[in-house]
Structures are given as structure tokens and as C-alpha cells.
Amino acid sequence: MFLLTSGAAVASLLLLFIHFFGLRLRQKLEFSHIQFLSSILHRSRSVKKLQNVVLLLTRLLFVVSALIAFFLFISDSSEQEAAAGANALVLVDDSWSMKGVAKVNAFSKAELIDQKTTAFLSEAQGGKNQSSIANTDAQTKKTFRTFSELENYVAQQKKSTALFIISDFQKSQFSLEQVSTFLKRNSVSLVSVPSSSSPNFFIDSVWVDQPIYLAGSALTVMVRVAGSQQSEKEQVLIKALVGDKLVGSSQLLLEPQQKGIVKFDLKGEGNSATKLKVVVEDTKSPFDNEYFAVLPTPTSIKIRIGEKVEQGHPVVQALGQEAAFTLHRKQSPSASTWFFDASTGSINSGTAREMKDWLQQGKSLILVPAVGSQDALLSLLTEIGLKGIRAEASVSKTLHAPDLSDPFFRSIFEKQVRNMKMPQIQPLLFWNSAFHTILKFSDNSPFLSSFQLEKGKLHLFSAPLEKETSFAAHPLFVPVLYQLIITDNTGSPSPLAYALDQDEIRLPAAGALAASREGITLRKDAQNIIPEQKVRKGDVVISLPTEVTIPGFYEVVAGEQVLSTVALNIPGKESYLESYSVNELEEIAKEQGTSIKVVELEENLPLQKLFQNSESGMSLWKYCLILCLLSLLAEVVILSAKKRGSLI
């Protein structure tokens with residue numbers, strides 16, 4: 001800047017000196033009498049003054065243009081030398097939304113990009129392309145699937161690197177703040193690949209209401225359907241398949257920007273997990289039509305009961321009617337619930353130790369008092385850690401109707417039951433507080449409560465459940481008993497499906513993994529993938545590798561043993577195809593105060609031409625040089641006019 005200022009000052013002074021000194025030079029003119037009169041006639045004082053001013057301005061314009069052209073040329077040369085070894089990086093969006101149809105409806109967005117970038121890069125690497133991008137030695141193309149990957153790529157590049165980001169710029173993937181972070185670099189060009197404007201319908205999620213799935217029993221599968229780019233109501237067809245067998249079909253009238261739910265009733269077959277595929281018919285954008293889910297494995301709950309409990313006991317009769325429950329008279333390691341009736345079971349210190357060990361394993365215990373003295377039972381409860389229980393005077397009380405707002409009863413009654421007649425019961429035990437009181441008497445004293453002991457749960461009744469007891473004969477008895485057992489054995493169910501972009505998947509397979517000593521492999525058809533894995537709290541936690549991109553069913557294999565099957569799906573946010581337009585991206589760039597190039601990729605526009613246009617342009621020093629030549633030409637015209645005596 002100092003050199004530019006000094007040079008301009010010296011040149012201006014020199015120009016002024018030459019100009020005003022040249023005005024005082026006398027010229028000797030040889031002309032006839034007629035020519036002399038003509039010269040006096042045309043060279044008036046005003047014309048001379050105007051000619052001198054115009055001549056001064058043209059000379060000043062010449063000097064200024066020459067100086068600017070010189071310094072711009074030097075600046076461009078230095079930038080070209082600095083960028084001679086710089087890389088030009090083409091970053092291509094490889095997320096699942098790019099499999100959607102492009103605006104021209106001829107190719108998918110990924111196919112359109114691939115056709116253009118392959119031809120462009122092969123020519124660039126062969127040295128045929130003479131553009132500034134092709135002349136770099138390290139011309140590369142990289143793909144990114146998530147915004148974090150793109151952010152890492154950009155952060156690793158030098159500021160002199162020319163970056164070309166090709167994406168559909170989904171609004172669900174790129175927030176305004178995220179997009180604007182790239183606009184802080186002066187060497188970034190955003191190439192937008194517009195999607196087709198047709199609506200896209202897809203499966204948002206799949207779940208089941210039942211906590212336990214029994215072989216041969218009905219299972220209700222809930223399917224939530226969503227739409228993108230939808231402007232009016234449309235009819236959507238949804239199908240459910242197990243293998244190649246169609247097990248259900250339903251139609252849904254979907255409102256714009258709304259989600260709809262359909263139900264399928266399926267039946268469990270065998271003792272293995274059911275592989276369910278839900279398909280939404282959408283011919284305009286078929287890349288995300290399929291959704292995969294692994295339904296719960298049909299199970300049976302093992303319950304331990306006392307050896308002396310008779311077959312006619314109401315609890316034994318109720319549990320024996322359901323195939324989901326298997327009763328064991330003796331201790332079984334696989335049993336998860338222990339029903340203990342004080343009228344038939346022995347109460348001693350050994351029983352207390354066994355109960356404490358049982359609860360320490362995280363299992364549940366259902367305990368019912370016996371008619372008569374409660375001293376032994378109260379001592380047992382104190383020994384296993386439950387305090388504050390005392391004997392109650394045997395007075396008949398009316399059981400209060402269940403609180404239907406309690407989550408415990410939500411899956412018992414499909415609709416609200418009014419005017420339910422409740423039984424009369426004589427409680428033998430009383431307590432003030434509990435972890436969860438399920439049923440109460442009309443005076444708010446407890447009848448059935450749950451207590452958290454050790455790692456397990458104790459469910460305590462305040463009255464016996466003998467055959468003649470009115471509660472055992474009440475319609476509420478069986479569903480409450482079933483719900484107690486099912487709730488304790490449900491735990492944290494495994495998800496029916498996972499998304500392909502999830503960082504971790506937790507599998508309850510640590511025992512099989514330790515036994516095989518082979519590690520876990522994900523297998524789909526002939527493809528075998530060994531993911532990063534570790535054991536955490538009894539489960540195997542695996543990290544999905546980046547090469548896992550195809551949705552479907554994957555077998556979890558340890559050695560030669562198939563441990564389980566997991567369903568992997570396209571992330572739901574990829575199906576929302578609304579994206580930023582070129583105008584919106586340009587507005588974001590203006591708000592950030594940058595001059596980022598934003599263009600739209602078209603089918604008939606070569607990518608090479610697009611890159612050249614975004615990278616190249618006529619340098620300003622050339623315009624200044626042209627202005628210098630025009631100034632010289634103007635000065636020649638003015639001087640020749642003065643010499644001829646012209647008025648111009």
C-alpha cells in the first residue's frame with residue numbers, strides 16, 4: 001500500500017509538470033495568410049481551456065490505470081504461485097437422500113453427480129483440462145454421509161484449497177447455522193442438486209403394544225406413516241410381509257404435514273424372531289419405501305411356586321390357564337418370579353436368606369400372608385429388609401376401584417370401566433408407605449403394594465388369596481396377577497429396528513460372545529462385516545462401520561453361531577426431502593457478508609464447465625490495461641485535433 005501510494009504521487013507530480021510545462025512551449029507555424037486567419041478563428045480561449053482539461057484528465061486516467069493494472073497483475077501472480085501446489089477438493093454428499101429422484105426425473109441425484117464428476121475428474125487427472133483446478137497435482141473427490149463428516153473435511157483443508165460441496169442441502173440435515181459456517185471460507189462453492197418436487201411417503205416407525213409375544217398368539221403391530229413435500233391429501237397403500245408372504249395390507253388417507261397410523265395383527269410362528277418388512281407404495285420416490293423390523297421372540301415366563309401349593313390354589317389355576325407361564329415347584333435358575341404363600345411355605349432364617357439372594361439377582365417376589373398370627377411373617381419381612389409393616393385388626397373393608405390413570409392399568413382395560421363392583425376383604429397387614437401402591441381400600445389403606453428391595457421387587461398383599469376370598473373370585477384378580485408378572489419380566493425390550501446412522505447398537509449377547517471367543521460379525525447375504533465391539537454391563541455394544549449403508553436384516557454371528565438378527569433402516573430424517581434453494585443459499589451467504597459461489601447442478605450443464613465458471617473469470621488488471629490503451633487513444637485524438645486546429 002505504501003509503494004502504491006508513493007508511486008501514484010510521483011507519477012501524478014511528473015504528469016502535472018509535463019502537462020503545464022508543455023502548455024508554455026512555443027510552436028513555430030508556417031502557414032499562409034488564410035490559414036492564420038482560420039487558426040485565430042477556431043482557437044478561441046474557451047476551446048483551448050477545454051482541450052487542456054480533457055488532455056489532463058486522459059493523462060491522469062492513463063497513469064492511474066497503469067498503476068492499478070501493474071499492482072493487480074503482481075497480486076494475481078503471487079496468488080497463482082501460492083496456489084500452484086494447493087489441492088482442489090470435490091466433496092460429494094453420499095447420504096441416503098441422494099438416492100432420491102433428481103429434479104429432471106431422469107436419474108437419481110447420486111447417479112447425476114456420479115456421471116458428471118467421473119468424467120470431469122478423469123479428464124482432470126489425465127491433464128486434458130487446462131483449468132486451474134485440473135492443473136493441481138492432488139485433484140481428489142471425497143464423499144460424506146453426515147454433516148459432522150463434512151465439517152471434519154473442511155476443517156482439515158488449508159484456506160488456499162478450493163472446495164466444491166455438492167449436495168441437495170436438506171433442511172433436515174443442514175441448519176442455517178451449519179450452512180453459514182462454510183461461507184466463512186472464500187474458496188468454497190456450493191453446488192445444489194435439486195430434488196424432484198413430487199411428494200415422498202415413507203415409514204416413520206414400527207412398534208408393538210404387547211410386552212410379551214407368545215407363539216401362536218396375536219400380536220398387534222403399529223406402523224406410523226409420514227410424508228414429505230406433500231401439498232394435498234393422498235391415499236397411501238401399506239403392506240406387511242414376513243419373508244415373501246403378504247400378511248397384511250391397509251390404506252391410509254394422509255394429510256399434508258401429518259402422520260398416520262395403521263395396525264396389522266400378526267401371529268407368532270415357532271420360537272424364533274419374526275422378520276417383518278413393511279412397504280409403502282411410492283413409485284415416484286422409491287428409495288425409502290421399505291422398512292425392516294425384527295418382532296419380539298415368542299417367550300415363556302418361568303414362575304417358581306412352593307412345593308406344597310395345591311393345584312386348586314387360585315394363583316396356580318390362573319397361571320396354568322396361560323401358555324405364557326411355566327410353573328416350577330422347585331427352585332429353577334431360569335425362573336424370574338417367585339410366588340410365596342405363607343399358608344403353605346415354611347418361614348425360617350433359611351427362607352429369608354434365599355429370598356434376599358433372589359431379590360439381589362434382580363428378580364421379583366409375590367408374597368401373600370396366611371390367616372392367623374403374623375409374627376413369623378413380620379420377622380421374615382424385617383430380615384429381608386422390609387420395615388414398617390405391622391399386623392392389622394381383621395375388619396372387613398371394601399376394596400376401592402382401580403385408578404385407571406395409573407400406568408399399571410393402561411394395558412389391562414381397553415376402555416374405561418364404570419360402576420365396577422368391588423369385593424369385601426379382611427386385611428391382615430398394614431403399612432404406611434410403599435414404592436407403588438396398586439390397589440387400596442376405600443379408607444386409602446393398602447391392599448397391594450410394590451417395594452423396591454435390593455435389585456428386585458417385592459409385591460405384598462395385605463390379605464390372603466384363598467379360594468374362598470372374594471378378591472380371588474373377582475374379575476380383576478387374573479389381569480392384576482398377569483400384569484404383576486409381565487411388568488417384572490418385560491425389562492427394557494430390545495428395539496425392533498435400528499437406524500444406519502446410529503453410533504452404537506446394544507445386543508444382549510455377551511455370554512455367547514465370551515463362549516465363542518470369536519467376536520461378533522454382521523452378516524448380510526455374502527457380505528461379512530466385523531464391527532468395533534466391546535462388552536458393557538453384560539451386553540455387547542457394537543459400532544456400525546461406515547461401509548454398512550444398505551438397509552435390511554443383518555445376522556449377528558459369533559463364530560458359527562447365529563446369536564440374533566437386527567434390522568437396519570435408512571434414517572428417518574433422510575426421507576424429508578425439503579431442501580434449500582439456490583436463492584436461499586445465496587441469501588444466507590449475503591447475511592454472512594461473503595461472496596460464496598452458489599450454483600444449481602443441471603443435467604445439460606457439464607460439471608467441468610460449472611467448475612470453470614465458478615473458479616475462473618477475467619482478471620481486473622486486464623480491464624485496467626484496456627483502460628490505459630483507451631486513454632492513450634483519446635490523447636492521440638486530442639493532440640491531433642489541436643494540431644489541425646479542430647474544435648474537438
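Below, the structure is looked at part by part.

### Structural notes on the overall build of the protein
Now for step 1: In terms of helices and strands, the protein carries 14 helices and 31 strands.
Now for step 2: Burial statistics for the protein: of 648 residues in total, 43% are counted as buried.
Now for step 3: Here the contacts in the protein between residues at least 6 apart in sequence split such that 71% fall between residues at least 24 apart.
Now for step 4: For the protein, the accessible area works out to roughly 35,200 Å², and carbon and sulfur atoms hold 53% of it.

### Digging into the pairing of strand 13 (residues 325–328)
Remark: a regular strand shows side chains that alternate across the two faces of the sheet.
Now for step 1: Relative to strand 13, strand 12 (residues 301–305) is paired through 4 bridges, and the arrangement is parallel. Paired with Ile301 across the two strands is Phe325, which belongs to strand 13.
Now for step 2: Since strand 12 and strand 13 lie parallel, the crossover through helix 7 (residues 314–320) that links them has a hand, and here it is right-handed.

### Some points on a nonpolar patch on the surface
Now for step 1: Among the surface-exposed residues, Leu61, Ile626, Leu627, Leu630, Leu633 and Val637 lie close enough to one another that they form a single nonpolar patch of about 510 Å² accessible area.
Now for step 2: Among the elements that line the nonpolar patch, the one with the most residues is helix 14 (residues 620–644), at 5 residues.
Now for step 3: Within the element layout of this structure, Leu633 appears in helix 14.

### Points about the nonpolar core
Now for step 1: Of all hydrophobic cores here, the largest spans 34 residues; its most connected members are Leu439, Phe447, Phe461 and Phe471.
Now for step 2: If you list the elements that add at least two residues to this core, you get strand 12, helix 7, strand 15 (364–368), strand 20 (436–440), strand 21 (446–453) and helix 10 (477–490).
Now for step 3: Looking at this core, the element that brings in the most residues is helix 10, giving 7 residues.
Now for step 4: Setting aside chain neighbours within four positions, we find Phe471 in contact with Leu399, Pro423, Ile425, Leu439, Phe447, Phe461, Leu465, Leu476 and Phe477.
Now for step 5: Counting 28 residues, the second-largest nonpolar core is a separate cluster that includes Val206, Val262, Tyr291 and Phe553.

### With respect to the sheet that holds strand 25 (residues 520–524)
Now for step 1: Ordered in space as 23-30-29-25-26, the 5 strands form an open sheet in which the pairing is mixed. The strands lining the two open edges of the sheet, one partner per strand, are strand 23 (498–499) and strand 26 (527–529).
Now for step 2: Where strand 29 (residues 552–558) lies against strand 30 (residues 561–569), 7 bridges are found, and the strand directions are antiparallel. Following the sheet pairing, Phe553 is matched in strand 30 by Ala567.

### Some details on the sheet that holds strand 14 (residues 337–341)
Now for step 1: Here 7 strands make up an open sheet; going across it, the order is 13-12-14-15-22-21-20 and the pairing mixed. The open sheet has two edge strands, strand 13 and strand 20, and neither has a second partner. Taken over all neighbouring pairs, the strand axes of this sheet differ in orientation by 20° on average, direction set aside.
Now for step 2: As paired strands, strand 20 and strand 21 are joined by 4 bridges and run antiparallel to one another. Bridge pairing in strand 21 links Thr437 to Ser449.

### Digging into the packing of aromatic side chains
Now for step 1: Scanning the model with the defined rule gives 11 aromatic pairs in all.
Now for step 2: Ring geometry for Phe202 against Tyr576: centres 5.1 Å apart, planes inclined by 80°, an arrangement best described as edge-to-face. Highlighted residues: Phe202 in strand 5 (residues 200–208) and Tyr576 in the loop between strand 30 and helix 12 (582–591), separated in sequence by 374 residues.
Now for step 3: Overall, Tyr576 belongs to the partly exposed group, its relative accessible area being 25%.
Now for step 4: On the numbers, 5.0 Å between centres and 70° between planes, the contact of Phe447 with Phe471 is edge-to-face.

### A word on the side chain of Gln374
Now for step 1: Mapped onto the secondary structure, Gln374 falls in the loop between strand 15 and helix 9 (375–383).
Now for step 2: Within the local environment of Gln374, its side chain forms a polar contact with the backbone oxygen of Gly372, the two atoms lying 2.9 Å apart.
Now for step 3: Contacts of Gln374, omitting those with residues within four sequence positions, involve Pro369, Ala391, Leu428 and Leu429.

### Here we look at the pattern of salt bridges
Now for step 1: The tally for this structure, following the rule as stated, stands at 13 salt bridges.
Now for step 2: Asp443 is the salt-bridge partner of Lys397, the closest N and O atoms lying 3.0 Å from each other. Taken together, the residues span a long stretch of sequence, with Lys397 in strand 17 (residues 397–398) and Asp443 in the loop between strand 20 and strand 21 at a distance of 46 residues.
Now for step 3: Accessibility expressed as a relative area gives 14% for Lys397, which makes it buried.
Now for step 4: A relative accessible area of 45% places Asp443 in the partly exposed class.

Calculation notes
Residues numbered from 1 in each chain as written. Predicted model: local features only at pLDDT ≥ 70, side-chain atom pairs only at ≥ 80, totals over all residues. Heavy atoms only, no water. Helix = DSSP H or I, 4+ residues; strand = E, 2+ residues; numbered from the N terminus. Buried < 20%, exposed > 50% of the residue type's maximum accessible area, 1.4 Å probe, protein only. Contact = heavy atoms within 4.5 Å. Areas by Shrake-Rupley, 256 points an atom, 1.4 Å probe, with all protein chains shown as cover. Pairing = 2+ DSSP bridges. Right-handed = clockwise from strand over helix to strand, strands pointing away. Patch = residues over 30% accessible without salt bridge, like charges linked within 9 Å, V, L, I, M, F, W, Y side chains within 5 Å. Salt bridge = Lys/Arg side-chain N within 4 Å of Asp/Glu carboxyl O. Core = buried A, V, L, I, M, F, W, Y, C linked by side-chain atoms within 4.5 Å. Axes fitted to C-alpha atoms, helices over the stretch in contact; angles between N-to-C directions. Phe/Tyr/Trp six-rings, centres within 6.5 Å; stacked < 30°, edge-to-face > 60°. Polar contact = N/O pair within 3.5 Å; in protein donor to acceptor, adjacent residues only side chain to side chain.

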